[in-house]
Amino acid sequence: MKQILILSIFSFGFSFGQSSEYELQSLPKNPVYFIDSVKVDKVEMQNFKSEDISAVSVYKDKATLAGLGEEAKNGVIYIETKKFNKEKYVNFFKSSSEDYAKIYSKENDDSKFVYILNGNAMINSSEHDLARLQGIKLKSLIVIDKNELQKKYNIFGKDNGVIITTSKE
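1. Side note on the packing of helix 5 (residues 82–96) against helix 6 (residues 98–107)
Okay, so step 1: Relative orientation of the contacting elements helix 5 and helix 6 amounts to 125 degrees, with a least axis distance of 5 Å. In terms of axis orientation, helix 5 runs oblique to helix 6. Listed contacts from helix 6 to Lys86, Tyr89, Val90, Phe93, Lys94 and Ser96 of helix 5 are Glu98, Tyr100, Ala101, Tyr104 and Ser105.

This is the structure we're talking about:
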């Protein structure tokens, strides 16, 4: 009798843990994916290497998703690549400073630059952090050479410093 009771409890628990096909179908489907402002499918999204990704944002609130319609009912995943963010901040800085535009055009790369934001050196600068400056009021953007960078900031191994000052408003 004891064995029958244990077997009955086990069987009930096992059948209770099973999901019907209807329940499985009612689970949320995939969210909408964007990479660098371009809508992509899950397969394309999976082709990106993690080291190329600068930022990931997940949106689930109704206000944000309203413009995307019914397909976004399960959320939106917005991915920004390092290349995309670098293009954003480089273009912004070029339009904000003639000196930056000249030195960047000469080098065609900023790997030998160090960015100094409001007095803090961004030694391991993030493309995402620099790209976000586009929406902030810029007070000044000044390019300094290697000697001044070493003297004022004690930073070696870089050819130029880019001193960025933003408004605190």
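2. Concerning the sheet that holds strand 5 (residues 113–117)
Okay, so step 1: The mixed open sheet is built from four strands, whose spatial order is 6-5-8-7. Of all the strands in the sheet, just strand 6 (120–122) and strand 7 (138–145) have a single pairing partner and so form its edges. Mean inter-strand twist for the sheet, computed between neighbouring axes without regard to direction, equals 25 degrees.
Okay, so step 2: As paired strands, strand 7 and strand 8 (residues 160–166) are joined by seven bridges and run antiparallel to one another.

3. Overview of the environment of Ile53
Okay, so step 1: Take Ile53: it is sitting in strand 3 (residues 53–59).
Okay, so step 2: Relative accessible area serves as the criterion here: at 25%, Ile53 is assigned to the partly exposed category.
Okay, so step 3: Separated by 31 residues in sequence, Ile53 and Phe84 place their C-alpha atoms 9.4 Å apart.

4. Here we look at helix 6
Okay, so step 1: Those residues of helix 6 that sit buried are Tyr100, Ile103 and Tyr104. For helix 6, the arc enclosing every buried residue in end-on projection is 100 degrees, short of the 170-degree limit, so these residues lie on one face. Seen from the buried face of helix 6, the exposed residues on the opposite side, beyond 90 degrees, are Glu98, Lys102 and Lys106.
Okay, so step 2: If you follow the buried residues of helix 6, they end up packed against helix 5, strand 5, strand 7 and strand 8.

5. Overview of the side chain of Asn85
Okay, so step 1: Relative to the helices and strands, Asn85 resides in helix 5.
Okay, so step 2: Relative accessible area serves as the criterion here: at 0%, Asn85 is assigned to the buried category.
Okay, so step 3: A polar side-chain atom of Asn85 sits 3.1 Å from a polar atom in the side chain of Ser54.
Okay, so step 4: Excluding anything up to four places from it in sequence, Asn85 contacts Ser54, Glu80, Glu127, His128 and Ala131.

The rules behind each value
Residues numbered from 1 in each chain as written. Predicted model: local features only at pLDDT ≥ 70, side-chain atom pairs only at ≥ 80, totals over all residues. Heavy atoms only, no water. Axes fitted to C-alpha atoms, helices over the stretch in contact; angles between N-to-C directions. Helix = DSSP H or I, 4+ residues; strand = E, 2+ residues; numbered from the N terminus. Parallel < 35°, antiparallel > 145°, perpendicular 65-115°, else oblique. Contact = heavy atoms within 4.5 Å. Pairing = 2+ DSSP bridges. Buried < 20%, exposed > 50% of the residue type's maximum accessible area, 1.4 Å probe, protein only. Arc of directions from axis to C-beta. Polar contact = N/O pair within 3.5 Å; in protein donor to acceptor, adjacent residues only side chain to side chain.

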